[in-house]
Amino acid sequence: MTAARGVLCPITMGLFLQSLFLLLLLLLLGSCLHPAAAFPKGCYPSEEEGLKTFRCSNAQLTEVPRDIPNDTNKLYLDFNQIPFLPRDAFRDLPLLLELDLSHNAISRIESGAFQGLAEHLHSLDLSSNRLVSVSKDTFSNLKAKVNLSNNPWLCDCRLQELIRAVELAADSSGGIMCDSSTQEEHVGKAFLQVMADTDFCNAYKKTTDIAMLVTMFGWFAMVISYLVYYVRQNQEDARRHLEYLKSLPSKQRRSEESSTISTVV
């Protein structure tokens, strides 16, 4: 009986240690892996050509997800209903190389939306959205090739500055069309073709200069009109006063005349 206990004791200890090892291993794996339950519905991580990819294509998203793994290299948020990009929307993704935001409803991009991506990002797709006008500062320090095609652009000086500030993706420039324009004849035309013949910023400066001249002329005309009115009014008052003096007796008239002359002077 004692011998049997001596044999069972090491076996029991061995099973206990094995179970403890498996439990620790599971806890370690659980802490290393990103919990799948944290991902938005329709989103999943994968690995493509050795790059860590996070796909949320056609996931009916209305905002940029927050629980994106921070070691993601390629992020697909295309074919959703995202309406705008807030500041620091991608600041926790320092290793991001490609960002696809095409086929959304983006009409506004806050300044600093791409902050933190300047170092590695080399491809940014914003095609097929609802962008009308975007400041060039939105893409400051960004070295990525940008696709801005198939948006309802307003062709003006602001768009011209934006196009000159970014590097356009290959074969995407022809898709930047004038949906509206400060000059009606450019509507429906490719913006780069229009830019070849028109300097929107120079035209805007000329328009501004003309407006300033018109405003200055208006103020000048008002001042002149007031001076003319003031002089005529004083002349009329002086004439009436002189007529009044003529109707007075001579002694009283002389004293009134001297008073009037000193007042006019």
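The structure we're discussing is the one just above.
Residues numbered from 1 in each chain as written. Predicted model: local features only at pLDDT ≥ 70, side-chain atom pairs only at ≥ 80, totals over all residues. Heavy atoms only, no water.

## Side note on the overall build of the protein chain
From N to C terminus, the protein chain includes 5 helices and 11 strands. Counting every position in the protein chain, which comprises 265 residues, the buried fraction comes to 31%. Sequence separation of at least 24 residues holds for 42% of the intrachain contacts in the protein chain that already meet a minimum separation of 6. Surface accessibility of the protein chain: about 17,500 Å² in total, with carbon and sulfur atoms responsible for 59%. (Helix = DSSP H or I, 4+ residues; strand = E, 2+ residues; numbered from the N terminus. Buried < 20%, exposed > 50% of the residue type's maximum accessible area, 1.4 Å probe, protein only. Contact = heavy atoms within 4.5 Å. Areas by Shrake-Rupley, 256 points an atom, 1.4 Å probe, with all protein chains shown as cover.)

## Remarks on the state of the cysteines
Across all of its chains, the model carries 3 disulfides by this definition. Between the sulfur atoms of cysteine 43 and its disulfide partner cysteine 56 the distance amounts to 2.0 Å. On the sign convention where negative means left-handed, the S-S torsion of about 125 degrees between cysteine 43 and cysteine 56 marks this disulfide as right-handed. Residue cysteine 43 is located in the loop between helix 1 (2-32) and strand 1 (44-48), and its partner cysteine 56 is located in the loop between strand 2 (51-55) and strand 3 (74-76); the two are separated by 13 residues in the primary sequence. The same class applies to cysteine 43 and to cysteine 56, which are both buried. Note that cysteine 155 is cross-linked by a disulfide to cysteine 178, the S-S spacing being 2.0 Å. Residues cysteine 155 and cysteine 178 are joined through a disulfide that is left-handed, its torsion about the S-S bond being -105 degrees. Highlighted residues: cysteine 155 in strand 9 (residues 153-155) and cysteine 178 in strand 11 (residues 178-181), separated in sequence by 23 residues. Across the pair, cysteine 178 and cysteine 155 agree in class, each one buried. Ordering the disulfide-forming cysteines of the protein chain by sequence position, one finds them joined as 1-2, 3-5, 4-6. (Disulfide = S-S within 2.5 Å.)

## Remarks on unusual backbone geometry
Even without a glycine there, the phi angle at aspartate 88 is positive, about 60 degrees. Secondary-structure assignment places aspartate 88 in the loop between strand 4 (84-85) and strand 5 (98-100).

## Regarding the sheet that holds strand 5
Judged by pairing direction, the sheet is mixed, and its 7 strands sit side by side in the order 1-2-3-5-7-8-10 without closing on themselves. Strand pairing shows two members of the sheet lacking a second neighbour, strand 1 and strand 10 (167-168), which therefore form its edges. As paired elements, strand 8 (residues 145-147) and strand 10 share 2 bridges and run parallel to each other. Across the sheet, the residue bridging to valine 146 is leucine 168, located in strand 10. (Pairing = 2+ DSSP bridges.)

## Observations concerning the pattern of salt bridges
Throughout the structure, instances matching the rule amount to 5 salt bridges. Of the charged contacts, one joins lysine 74 and glutamate 48 as a salt bridge, the two residues approaching to 3.8 Å between their closest N and O atoms. Of this pair, lysine 74 sits in strand 3 while glutamate 48 sits in strand 1, placing them 26 residues apart in sequence. The shortest N-O distance in the salt bridge between arginine 91 and aspartate 88 comes to 3.9 Å. Overlapping salt bridges bring together Glu48, Arg55 and Lys74 as one network. (Salt bridge = Lys/Arg side-chain N within 4 Å of Asp/Glu carboxyl O.)

## As for the side chain of serine 135
Note on placement: serine 135 falls in the loop between strand 7 (123-125) and strand 8. Of note is the side chain of serine 135, whose polar atom sits 3.2 Å from the backbone nitrogen of aspartate 137. Aside from chain neighbours lying at most four places away, what touches serine 135 is Arg158 and Leu162. (Polar contact = N/O pair within 3.5 Å; in protein donor to acceptor, adjacent residues only side chain to side chain.)

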